[in-house]
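Descriptive structure summary
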Amino acid sequence: MSDFKYSITNLKPVEPVNKVNVTFPDGATREFPKGITGLDIAKGISPSLAKRTVAMALDGTLCDLTDVIENDGIEAKPYTVAIDLYVQGDELVADYSRSSPQARGPVSATLGVATGAVYNGILHLTDPTIPKNSGCFRPIRVVSPPGRVTNVDYPNPLVAGNTETHPRLANIVIGAMAACVPERAMASESCTGTNFVFGGNHPDHDEYFACYDIMSGGWGGRFGHDGNDCVIAINGNCRFNPTEVFEARFPFRVEECAMVTDSGGAGRWRGGLGYTRTLLATKVPITGSQCSDRHEVKPWSLFGGHPGGNGGTLIQKAGSADWLTVKELYGKVSSSKFANARFEPGDRIRLTTPGGGGYGEPDDRDREAVREDVREGYVSEVAARELYGLE
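These notes cover the structure that comes with them. (Residues numbered from 1 in each chain as written. Predicted model: local features only at pLDDT ≥ 70, side-chain atom pairs only at ≥ 80, totals over all residues. Heavy atoms only, no water.)

1. A word on the overall build of the chain
Counted only if it meets this: Under the DSSP-based scheme used, a helix requires at least four consecutive residues in state H or I and a strand at least two consecutive residues in state E, with every element numbered from the N terminus. Remark: exposure states derive from per-residue accessible area (1.4 Å probe, protein chains only) relative to the maximum for the residue type, with buried under 20%, exposed over 50%, and partly exposed in between. Throughout, the Shrake-Rupley method with a 1.4 Å probe supplies accessible areas, and for residues the shown protein chains are the sole cover considered.
On a plain count of helices and strands, the chain comes out with eight helices and 15 strands. Here the chain holds 391 residues, and the buried ones make up 48% of them. Carbon and sulfur atoms provide 51% of the accessible area of the chain, an area that totals close to 17400 Å².

2. Focus on the sheet that holds strand S13 (residues 312–316)
Put simply, the test is: If DSSP finds at least two bridges between two strands, the strands pair. Axes here mean lines fitted to C-alpha atoms, for a helix over just the part in contact, with angles spanning 0 to 180 degrees between N-to-C directions.
Taking strand neighbours across the sheet as the criterion, the four strands line up as S10-S11-S15-S13 in an open arrangement whose pairing is antiparallel. Taken across any chain shown, the strands that pair with only one partner, and hence form the sheet edges, are strand S10 (252–259) and S13. Averaged over all pairs of adjacent strands, the angle between strand axes in this sheet comes to 15 degrees, irrespective of strand direction. Of the pairings in the sheet, the one linking S13 to strand S15 (residues 348–352) comprises five bridges and is antiparallel in character.

3. Thoughts on the side chain of Thr 194
Short version of the rule: Residue contacts are counted whenever heavy atoms from the two residues lie within 4.5 Å of one another.
Structurally, Thr 194 can be placed in the loop between helix H4 (160–176) and strand S8 (196–202). Residue Thr 194 is classed as buried on the basis of its relative accessible area, which comes to 2%. Ignoring sequence-local partners within four residues, the contact set of Thr 194 consists of Glu 164, Met 215, Gln 290, Cys 291, Ser 292 and Thr 353.

4. Some thoughts on the environment of Glu 207
Structurally, Glu 207 is set in strand S9 (residues 207–213). Setting aside its immediate chain neighbours within four residues, Glu 207 contacts Gly 200, Asn 201 and His 202.

Have a look at this one:
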């Protein structure tokens, strides 16, 4: 399929005037009704391309993968997200039926979000020239019974179905397809936006301030390439919040902002690194909430790689040397999902994002690449010896 790619090059009117000819890159021409648009033509072409790409990869094989959301912030229990992929006739079926029942907390996804995650994952694996329109989605059928974490029913909450669950679902689609197209798949990325929300009354302006801060994590290693460091989750497009802007707008001082050594899973192609940021509350009390994940469940790896590092949220109260979770300090159910934690002036909050999973056996990593990782601070000397066998 890669030897012949369609594109819309021109629309030329011909006789009779109610027809147009479209010339394709291989020189072939087709006749279409007058008034048709390039988008209309692409919608007709794209399903065929998508079908052939996916059908050739699966070839009747059932591909499946599961992952775990560690909790919903209300109950201290995990929720499984599971995907089964197979070709049925001329359709790719993506079946979420093995996923857990919907949660009381906000981690469940709507069917629209779960469907979009399948499209997201599949389009990352197929021909990048396929137009992103309804035509390329037509051969994909998504199944999820109502009342699941992948098809939430009213009145259960769903806000984190976008920020936390969508990346999990898109990633398990990619991971499931790794058995069919290993050269296109990647190990798991961080799959969380960290989502730290805080507010209070600003001492300099005598008005309320609020911030929804999104942080980025490591992406998974993939065939031929290490994972990207500190990149937003697969369904996002948010940039890093500059420290200077952050400190100018909010009564926090950023005491540390650095990538986390060894957070990328070891592998022939290692996972990307997450990062950590330490905030000092300076002048006024601040109320904070968070909806995150991966504090307990690591990003998964592929083909003998090692999982990525966990994220975390720790708090150091003013005058104390101890770093504690909100479970330990405030009796919250979850360290990654909590509401209305109060931070006093002098308190510190340390937010850490997960790294990506590794791809392939660490012993197969190029020795000079490991040495370069140590020189750059991506991998510690201890990990280079113990995980990569560097002498």
